[in-house]
Amino acid sequence: MKILRAIDKFILKLEEFILSYSILLIAVMVIGNVLSRAITGSSWTFSQELSKFAIVIATFMGISYAARKGRHISMSAFFDMAPFKVRKAIAIFIPAFTAIVMFVLAYYSSLYVLQVHERGTVTSSLQLPAIYITIFIPIGLFMGGIQYLRNMWVNIKEKDIYLGTDLKDYNENENLEDQSFV
């Protein structure tokens, strides 16, 4: 069990590192390109490509991180108003369904990555193999699927409701009957 926790902690730190530096790269490329155009009158030819690369990485690698932290997009109006047992059932069903969708998308995106590799597609300005960009799509979707399975498992195992493996339901300590909904 200690080994699994160590691996989980390593993956969390790796996700944080990748996401942080992807966002920094986007900022540097966009700001640098604007400054270059304003000062020299010409754009960096590689800026758009590197920004696109960083956006793809941040988007797909961020799926797993958001699921872990319970920060993914959700429409929670019905969930928030539902009684505990309904919320608990929803907190098990939705991550299970989402994990299945993530794994299916990871499978199809890996087929796409193989096609990109077989074609030998390269990026237009840097002439890098396009697989360097597309490989993060199935990896991120697969890791997201694993995180959603973990969210489902935590909700099966624990008495409380968890929105992510690291985040309890914010309604847990509130009594819904005492709230007035506007």
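Further up the page is the structure itself.
Remember, predicted model here, so these are calculated numbers, not experimental data.

(A) Structural detail: the overall build of the protein chain. Looking only at helices and strands, one finds six helices and two strands in the protein chain. Walking the protein chain from its N terminus toward its C terminus, one meets helices and strands in the order α-α-α-α-α-α-β-β. Computed over C-alpha atoms, the radius of gyration of the protein chain comes to 21 Å, more than 25% over the 16 Å expected from 2.2 N^0.38 for 182 residues, which places it beyond the range of a compact globule. Principal axes of the C-alpha set define a box for the protein chain whose edges measure 65 × 40 × 30 Å. Long-range contacts, defined as pairs at least 24 residues apart, comprise 72% of the intrachain contacts of the protein chain with a sequence gap of at least 6. Carbon and sulfur atoms provide 69% of the accessible area of the protein chain, an area that totals close to 12,000 Å².

(B) Spotlight on the pattern of salt bridges. On inspection of all chains with the given rule, the structure shows four salt bridges. Asp8 serves as the salt-bridge partner of Arg68, at 2.8 Å between the closest nitrogen and oxygen. On the criterion of sequence distance, the pair formed by Arg68 in helix α2 (residues 47–69) and Asp8 in helix α1 (residues 2–40) is long-range, its members being 60 residues apart. Under the relative-accessibility criterion, Arg68 is labelled buried at 1%. Since its relative accessible area comes to 22%, Asp8 is described here as partly exposed. Residue Glu16 is joined to Lys13 by a salt bridge in which the shortest nitrogen-to-oxygen separation is 3.7 Å. Pair noted here: Glu16 and Lys13 are both in helix α1, with a separation of three residues, about one helical turn. Take Lys13: its relative accessible area is 48%, and that puts it in the partly exposed class. Via salt bridges that share partners, Asp8, Glu15, Arg68 and Arg150 belong to a single interconnected network.

(C) Spotlight on the nonpolar core. The biggest cluster of nonpolar side chains holds 10 residues, and these are Val56, Ile63, Ala67, Ala99, Met102, Ala106, Ile133, Ile137, Leu141 and Tyr148. Put simply, the parts of the chain that give this core at least two residues each are α2, α4 (84–119) and α6 (136–157). Those residues in contact with Ile133 that sit more than four places away from it in its chain are Phe53, Val56 and Thr123.

(D) Region of interest: the side chain of Glu15. Its location among the elements puts Glu15 in helix α1. Classification of Glu15 by relative accessible area gives buried; the value is 1%. Residues within four places of Glu15 in sequence aside, it is in contact with Ser64, Tyr65, Arg68 and Met143.

(E) Broad picture of the side chain of Glu49. Along the chain, Glu49 turns up in helix α2. Here Thr123 takes part through its side chain, which lies 2.8 Å from a polar atom of the side chain of Glu49. Residues contacting Glu49, with those up to four places away along its chain left out, are Thr123, Ser124, Ser125, Leu126 and Gln127.

The rules behind the values
Residues numbered from 1 in each chain as written. Predicted model: local features only at pLDDT ≥ 70, side-chain atom pairs only at ≥ 80, totals over all residues. Heavy atoms only, no water. Helix = DSSP H or I, 4+ residues; strand = E, 2+ residues; numbered from the N terminus. Rg over C-alpha atoms; globule rule 2.2 N^0.38 Å. Contact = heavy atoms within 4.5 Å. Areas by Shrake-Rupley, 256 points an atom, 1.4 Å probe, with all protein chains shown as cover. Salt bridge = Lys/Arg side-chain N within 4 Å of Asp/Glu carboxyl O. Buried < 20%, exposed > 50% of the residue type's maximum accessible area, 1.4 Å probe, protein only. Core = buried A, V, L, I, M, F, W, Y, C linked by side-chain atoms within 4.5 Å. Polar contact = N/O pair within 3.5 Å; in protein donor to acceptor, adjacent residues only side chain to side chain.

Structural measurements only, silent on function.
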